[in-house]
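# Reading the structure
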Amino acid sequence: MAYSNEKGDSVTGKWLIPIEEIRQVREKIGDNTEKNKVELTENLCGGKASNLGFLKKEGLKEGINVPRGACIGTAAYNEYVDKTGLRGRILLELNRKPFEEMRWEELWDLSEKIKHMFARTPFPPGMEEELEEEISGYFGEIAVAVRSSAPGEDSAKTSFAGVHASYVNVREALNILRHLRLVWASLWSDSALLYRKEMGLDIFKSSMAVLIQEIVEGRVSGVAFGMNPEDELEALVEAVYGLNKGLVDGTVEPDRWVLDRKSGNIKKHYPAEREKAVFAGSGGAGTGNKSTEGTEGTEGTEGTEGTEGTEGTEGTEGTEGTEGTELRSLPESLKGKPPLAPAEVTEVFNLTRKVETLLVRRGGRGKPQDVEWTIRDNTLYTLQSRPITTLMREDRDEKRLWYLSLRRSFGNLKELRKTIEEKRIPVMQAEARDLEKEELSGLTETALAEEIERRAGIYRKWHDIYWDEFIPFAHGARLFGKVYNETVDPKDPYEFADLLSGTGMLSLERNRKLEEMAGKLRNAPELLQKAKNLSPDPGLEKELDIFISEYGGSYSESSTAREGLIRLLVEMASRTPLTSSSASPAKEKGPDQDSGRIQKLKDNFFSRFEGEKKQFAAELLDLGRASYRLRDDDNIYLGKIEAELRRFLLEGEKRLKKRGLKEVELPEIEKIPNLEPVIEDITEKMVKTLKDPKYLPEWKKGAEKPETPETSEEKLKPRQLLGNPSGPGAAEGRARVILQESDLYDIKAGEVLVCDAVDPNMTFIVPLCSAIVERRGGMLIHGAIIAREYGIPCVTGVPDATELIKNGDYLAVDGYLGIITVLERRDW
Amino acid sequence: MKDEIASLLPHELEVREGEAPVESKGLEKTRLLEELRKLFESQPLAVLATQGEGTPYVSLVAFASDVKLKYLLFSTTKATRKYANLLADPSVSLLIDNRKNILEDFRDAMAVTVLGEIEPVEDFELKIMENIYLMKHPHLVDFLHSPTNAFLKVNVEKYIVVSHFQHVVEIKV
């Protein structure tokens, strides 16, 4: 078969449909009303490809130029997911846990896992050859963009801009096919899942068409709004030198023209400070090698592949692949000159009108358009057009912005790291220390009230910073994971996690120290006996002091920690020395082998990068590690500040008690496990009551009190619980449920640790356990990483784990599939 | 509506309601097996009956069968009750049917009771058996390949085929 887009020939293949023929394909299928035809077309090829196809076919006589493009319809997606079983696998993954109960981390894990499935599942037999033949027949060796064109993606009601992936500057059929699968996978990206959910769309009915588009490398590019989303009497034109990418992802400030929508007259020009522009890179890209295309929002220059030509991009940073773009300084001659002359601004504006008018003929869809365009050799090209969504303003809605903000670009994350490490953390620590120093006893009630108010303010401030900066910074670890997976393509999608925990070395050392102390007890019965009586030998006492100050973390000041450690040492001494867990056949390793393995992983990762890009790879790993490390630390620091507020609130309560108030008239702060949601309410009432003894608030009303379940109702007995497999291996053992800190030290060797979340300071317990079960979900949480380090089976994200599982239940933990089976229920 | 199985049966073959089933032979058997093959392909799940300490125990399993219907394949994680039961007593029964849980089932539904014994899947046949299983259930690939999972083969002794509410025939394979 020969494919060409020469006039007249039908070149539609089994899978590939040239965009200008999309309509004909549907017309062949049956007679429909015009509106239905539009809908059918969009179901096969999505709105983006269908719209462009229509413009290409009908717009030429109006002077609308659309680059060559073709669509791989939803039929191909469906064939692939059905024949390979992916549809079922996705269904199984999504059903591990109700969507509503997932933390954003779990959602990210889920979508990364699904993406990994797409990347590693080959096409069903024959399909790849068919696609390859059709694509290379149609596009040959030219550079293309591979973009999502999902049905319902760009309608006036929904806007998936920036939610699905698109890759620019890809060459050769096989490489295009690899990206095709990645675009398909982005149907299941975390933001796509959240967005569908928010819009009330059925996740399982969604499908993906893909637009493959020839790249037009323009001199000037931009976006035009046929109608200003904020003022319907106006239109907007934005333009930058070079490629659109810089404009869309916010790295390059555009010149901006406001026009009168009716007359087309330019009302105002807002010139930009023209410093830089995104140009096509200079390296040799798209030649089928594994590169870092698709790293979200990396700024182009850093290590991404470079070659000519990226054109219009879509949506926000975050999902845009940047194969071969570079952010460069503008030549002086251009800095002072707007990218468009007034006549060109008018031409671009007229384009939006032409498109709008033309689309009226297509089933009455004459909505104002948002057009991406570029100018090459004085020809204006239309790269993309979609109706201006009613959501545009709401796009800036906090919530959506927040979760999109979780996907920060490399450059942005580097900045964030600097701020956090150099400013936030030191100030936060200093502030926590200052708060600690303050004495309570001498304060008058008024002074106490004022101090509580001040502390609540400080807590709120850090809480907000935590959400605005620390949590988004956690994306650094994920960005590294994403790049790692796309370059190394490992069998295990969480292999990268092993590279993140440089902290692992510290914990291994700590455990070695513990084992050393336990070894001394093991060899000396008299010392062991002393320890059993909780009055250890002075030598051991000293060692314990050093150990606690070095590794104790937030437990250092806890009175139970010391006693607990002694009990733990006794427990360790009564069993054979710890070498490694026998539970997992996969990893037989001590610290040395482990560091050897990590070195190997690292070398392998770096070997995928050449020249200057190695630097980028190293920086990215460094960033990933900082991001991972901080996740532990920030929690602890914020915890300290909260504890300091709590200390003062408790003092307040004590004073109120002294006034003779009864329990019902008190907040009972000790009984509020999570202060955060009620902090404002409690603080306000406490301050008022302290200052004004006559004021008697109703404390319990605003407070969220955990409801005690009715004791009369018989509880359901768990048999099998499902979570996420987070550390491979299988083990059986009695459950040790950790409900409070002191439970930790009761653990016996071989027990299964069941907890809400493994705190970084809990990790010295881990080598004693046969498995870990955690309520908190995520592959990058501490429990999961430490379990992987020791080769201990681990299941995370098990809802209500610590409530459903009872101390002493005999469990089977399946770390491969994420299943916990209660083999025997504790009968006491 | 004509009952498919009834129409397959020769008139001489005696099938009486409520009486002991008769064995199907020759050509009829071939055609009936073809019917079973179609039924098995259309049904992803079977009911598996095991027993432990004298107590029957039923569960749903995703199954597949070989082209000659000599074997049924399924898999289970090893921490389950059914697996413990199978270790103690390898004889099993399965039910595969196409009922829709509506009144018309009494006329249209077909139900096949399988009697057989669990055998381990031997190394030499593992690849082909896995292919058969994954062809029908490609989405269970992770499950099947987990070290905590057991891949099992039921060596079928006979099928007892019920149709038309009370038509019952028996086939040995």
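Scroll up to find the structure.
This text gives an overview of the structure that appears in the document. (Residues numbered from 1 in each chain as written. Chains lettered and ligands numbered in written order. Predicted model: local features only at pLDDT ≥ 70, side-chain atom pairs only at ≥ 80, totals over all residues. Heavy atoms only, no water.)

### So, empty space enclosed by the protein
All names here are of chain A. Test applied: Grid points spaced at 1 Å over the protein atoms alone were grouped into cavities, where a 1.4 Å probe fits but cannot get out, and pockets, open sets with protein on both sides within 12 Å along at least five of seven lines, with lining residues defined by an atom within 4 Å of a point. Grid points are joined across faces, edges and corners, and a volume is the space filled by probe spheres set on the points. Only DSSP runs of H or I covering at least 4 residues are called helices, and only runs of E covering at least 2 are called strands; the numbering of each starts at the N terminus. Residues are grouped as follows: Ala, Val, Leu, Ile, Met, Phe, Trp, Tyr, Cys and Pro are nonpolar; Asp, Glu, Lys and Arg are charged; all remaining types, including Gly, are polar. Throughout, the edges of the domains are those of an automatic or database domain assignment.
Within this structure, the stated rule accounts for 8 cavities of 30 Å³ or more. Roughly 130 Å³ of internal volume is contained in the second largest cavity. Surrounding the second largest cavity, 14 residues form its lining, E106, D109, L110, K113 and N724 being those nearest its centre. Per-element tally for the lining of the second largest cavity: the top contributor is helix α5 (residues 104–120), with 4 residues. Grouping the constituent residues of the lining of the second largest cavity by class yields 4 nonpolar, 4 polar and 6 charged. If you count residues domain by domain, the lining of the second largest cavity takes at least three from each of domain 1 (16–214) and domain 4 (720–824).

### Here we look at helix α7 (residues 173–185) of chain A
What counts is decided by this rule: Any helix carries an expected span of 1.5 Å times its number of residues minus one. The classification of residues rests on relative accessible area computed with a 1.4 Å probe and restricted to protein chains. Under 20% of the type maximum is buried, over 50% is exposed, and intermediate values are partly exposed.
Its 13 residues give α7(A) an end-to-end C-alpha distance of 18 Å, which sits within 8% of 18 Å, the value for a rise of 1.5 Å per residue. For α7(A), every residue scored as buried is listed here: A:A173, A:N175, A:I176, A:L177, A:H179, A:L180, A:R181, A:L182, A:V183, A:W184 and A:A185.

### Quick notes on a nonpolar patch on the surface
Worth spelling out the cut-off: The residues that make up patches have over 30% relative accessible area and no salt bridge, and they are joined within 9 Å when like-charged or within 5 Å when they are Val, Leu, Ile, Met, Phe, Trp or Tyr. To measure how exposed things are, a 1.4 Å probe is used in the Shrake-Rupley method; for residues, cover is taken only from the protein chains shown. Every case where a carboxyl oxygen of Asp or Glu lies within 4 Å of a side-chain nitrogen of Lys or Arg is listed as a salt bridge.
On the surface, A:L91, A:L92 and A:F204 cluster together into a nonpolar patch covering about 240 Å² of accessible area. Examined against the element boundaries, A:L92 turns out to sit in helix α4 (residues 86–94).

### Considering unusual backbone geometry
Residues and elements named next belong to chain A. Within the chain, D489 stands out as a residue other than glycine whose phi angle is a positive 50 degrees. Among the secondary structure elements, D489 is positioned in the loop between α15 (475–488) and α16 (495–500). On the basis of relative accessible area, D489 is assigned to the partly exposed category, the value being 23%.

### Details of the pattern of salt bridges
Scanning the entire structure with this criterion turns up 57 salt bridges over all chains. A salt bridge links A:E234 to A:K267; its shortest N-O distance comes to 3.1 Å. Taken as a pair, A:E234 in strand β7 (residues 234–241) and A:K267 in strand β9 (residues 266–270) lie far apart in primary sequence, 33 residues in all. The buried category is assigned to A:E234, whose relative accessible area is 14%. A relative accessible area of 48% means that A:K267 is categorised as partly exposed. Its salt-bridge partner being B:D108, residue B:R107 comes within 2.8 Å of it at the nearest N-O pair. In this structure B:R107 comes out as partly exposed when scored by relative accessible area, which is 36%.

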